[in-house]
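Secondary and tertiary structure notes
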Amino acid sequence: MKKFLMLPIITAAALLMTPLDASAVSYSLPQTEYTTVTASDALKAEKVASLVNKVRRQNGLPEMKIFPLLSKAAAVRAEELSRSFSHTRPDNQPFYSIVNEYGIPWGGVAENAAYGQPTPESAVNSWMNSDNHRKNLLNPNFNYIGVGAYEVNGVYYWDQIFIQAREEMTGAAFPRNFGDANLDGIIDAVDATLVLTDYARVSVGKTTTLNEAQRGNADMNLNGIIDAVDASAILTYYAKSSVG
């Protein structure tokens, strides 16, 4: 059975919360250990984000930027949905508490959740066929998106987190595109080669040649480590996209 959830946009004022000052923001992983995202799930999550931006373009709206750290948070939520399908987390905290745990500043936040849809396309279609989910997805105020996908016994759980953040918070902490390790706007074998070369350097104790933005794009499985697994995921994505 296919199911999905939606929570209306939560604003900082309504929750008595104040968006963080960009000058004081520190992006870091929370102390809690979370399940590592597989390369396959990360690619499916990225596809969801791509489809969402396609729909936004079709409706005359600007694309939302993919924020890898927000995708980490959404991946946590996708795993949590497999245990408790609710906008309330298993520890009884609201969904947006995971955003706060990652130190991500926001002025508005919303979540779309779903499970049972086997593909990114079917998940996005489910949300688009629900008025409230569609409103979140097409909200012009949201400028960043994070997507998580988690599979259990052949069943996929999907999570989208949208935030509104000031543009001055962009930069290295908000990389442009998963897989685009050389930041040229194209995901191809060159990116995979760059990742493998850097991995070889780091493996023998040398300093990485990738800057923070490049590392954010290269970390395909969102585990904080740039290695051959990421290079393989980039090549897989490139191969699939090359044949449509």
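Going by the structure above, here's the rest.
Residues numbered from 1 in each chain as written. Predicted model: local features only at pLDDT ≥ 70, side-chain atom pairs only at ≥ 80, totals over all residues. Heavy atoms only, no water.

1. Quick notes on the overall build of the protein
Formally: Working definition: helices are DSSP H or I runs of at least four residues, strands are E runs of at least two. Numbering for both runs from the N terminus. Whether two residues are in contact is decided by their heavy atoms: any pair within 4.5 Å suffices. Calculation of accessible area relied on Shrake-Rupley with a 1.4 Å probe; when residues are assessed, cover is drawn exclusively from the protein chains displayed.
Within the protein, the regular secondary structure consists of 8 helices and 5 strands. Walking the protein from its N terminus toward its C terminus, one meets helices and strands in the order β-α-β-α-α-β-α-α-β-β-α-α-α. Sequence separation of at least 24 residues holds for 73% of the intrachain contacts in the protein that already meet a minimum separation of 6. Surface summary for the protein: the accessible area is close to 11,400 Å², and the carbon and sulfur share equals 53%.

2. What about the packing of aromatic side chains?
Selection rule: Centre distance within 6.5 Å is the pairing criterion for rings of Phe, Tyr and Trp, where only the six-membered ring of Trp is used; planes under 30 degrees apart are then read as stacked, over 60 as edge-to-face, and the remainder as tilted. Between buried and exposed lies partly exposed: a residue is buried under 20% and exposed over 50% of the maximum accessible area for its type, with that area taken using a 1.4 Å probe on protein chains only.
One pass over the structure, following the stated rule, counts 6 aromatic pairs. Their ring planes at 25° and their centres at 5.2 Å tell us that Y156 and W158 sit as a pair that is stacked. Like Y156, the residue W158 is buried in the burial classification. Within the aromatic cluster, the residues linked to one another by ring pairs are F85, Y115 and Y157.

3. Thoughts on the pattern of salt bridges
Between side chains of opposite charge, a pair can form when the charged atoms approach closely. Our working definition: The salt bridge definition used is simple: a Lys or Arg side-chain nitrogen within 4 Å of an Asp or Glu carboxyl oxygen.
Enumeration over the complete set of coordinates arrives at 7 salt bridges. The salt bridge partner of E79 is R83, with a shortest N-O separation of 2.9 Å. Placement of both E79 and R83 in helix α2 (residues 68-83) is noted, with a separation of 4 residues, approximately one turn of the helix. Classification of R83 as exposed rests on a relative accessible area of 53%. Three or more residues are tied together by salt bridges with common partners; here these are R77, E80, R89, E101 and E111.

4. Concerning the nonpolar core
The criterion, for reference: Among buried residues, the Ala, Val, Leu, Ile, Met, Phe, Trp, Tyr and Cys ones that are joined through side-chain atoms within 4.5 Å form a nonpolar core. Domain delimitation follows an automatic or database domain assignment.
Counting residues in each nonpolar core, the largest one holds 37 residues, and the members touching the most others are W127, I145 and W158. Every element with two or more residues in this core is listed here: α1 (39-58), β3 (108-115), α4 (120-128), β4 (144-152), β5 (155-164), α6 (189-203) and α8 (228-242). There are two domains that each give this core at least three residues, and those are domain 1 (39-164) and domain 2 (189-242). By size, the runner-up hydrophobic cluster in this structure holds 18 residues, among which are L69, V76, V109 and Y144.

5. Structural notes on the packing of α6 against α8
Any two packed helices are characterised by how steeply their axes cross, that is the angle between the axes, and by the distance between the axes. Short version of the rule: For every element, the axis is a line fit to its C-alpha atoms; helices are fit only across the contacting stretch, and the angle between N-to-C directions ranges from 0 to 180 degrees. Put simply, angles under 35 degrees are roughly parallel, angles over 145 are roughly antiparallel, angles from 65 to 115 are roughly perpendicular, and the rest are oblique. Classification used: nonpolar for Ala, Val, Leu, Ile, Met, Phe, Trp, Tyr, Cys and Pro, charged for Asp, Glu, Lys and Arg, polar for all others including Gly.
For the pair α6 and α8, interaxial distance at closest approach is 8 Å and the crossing angle is 175°. Considering their axes alone, α6 and α8 lie roughly antiparallel with respect to each other. Across from A189, D191, A192, V195, L196 and Y199 in α6, the residues of α8 making contact are A228, D230, A231, I234, L235 and Y238. Residue classes in the contact of α6 with α8 are distributed as 10 nonpolar, no polar and 2 charged.

6. Digging into the environment of H133
On the secondary structure map, H133 appears in helix α5 (residues 131-137). The sequence separation of H133 and E111 amounts to 22 residues, and the corresponding C-alpha distance is 8.6 Å.

7. Considerations on the pairing of β4
Spelled out, the test is: Note: two strands are recorded as paired if DSSP finds a minimum of 2 bridges between them.
Two strands pair when backbone bridges link them, and strand β2 (residues 65-66) and β4 are joined in this way by 2 bridges, in the parallel orientation. Its bridge partner lying in β4, I66 is registered against I145. Pairing geometry for β4 and β5, over 9 bridges, is antiparallel. If you follow Y150 over to β5, its bridge partner there is Y157. Hairpin connection between β4 and β5: a loop of 2 residues separates the two successive antiparallel strands, and N153 in this loop has a positive phi of roughly 50°.

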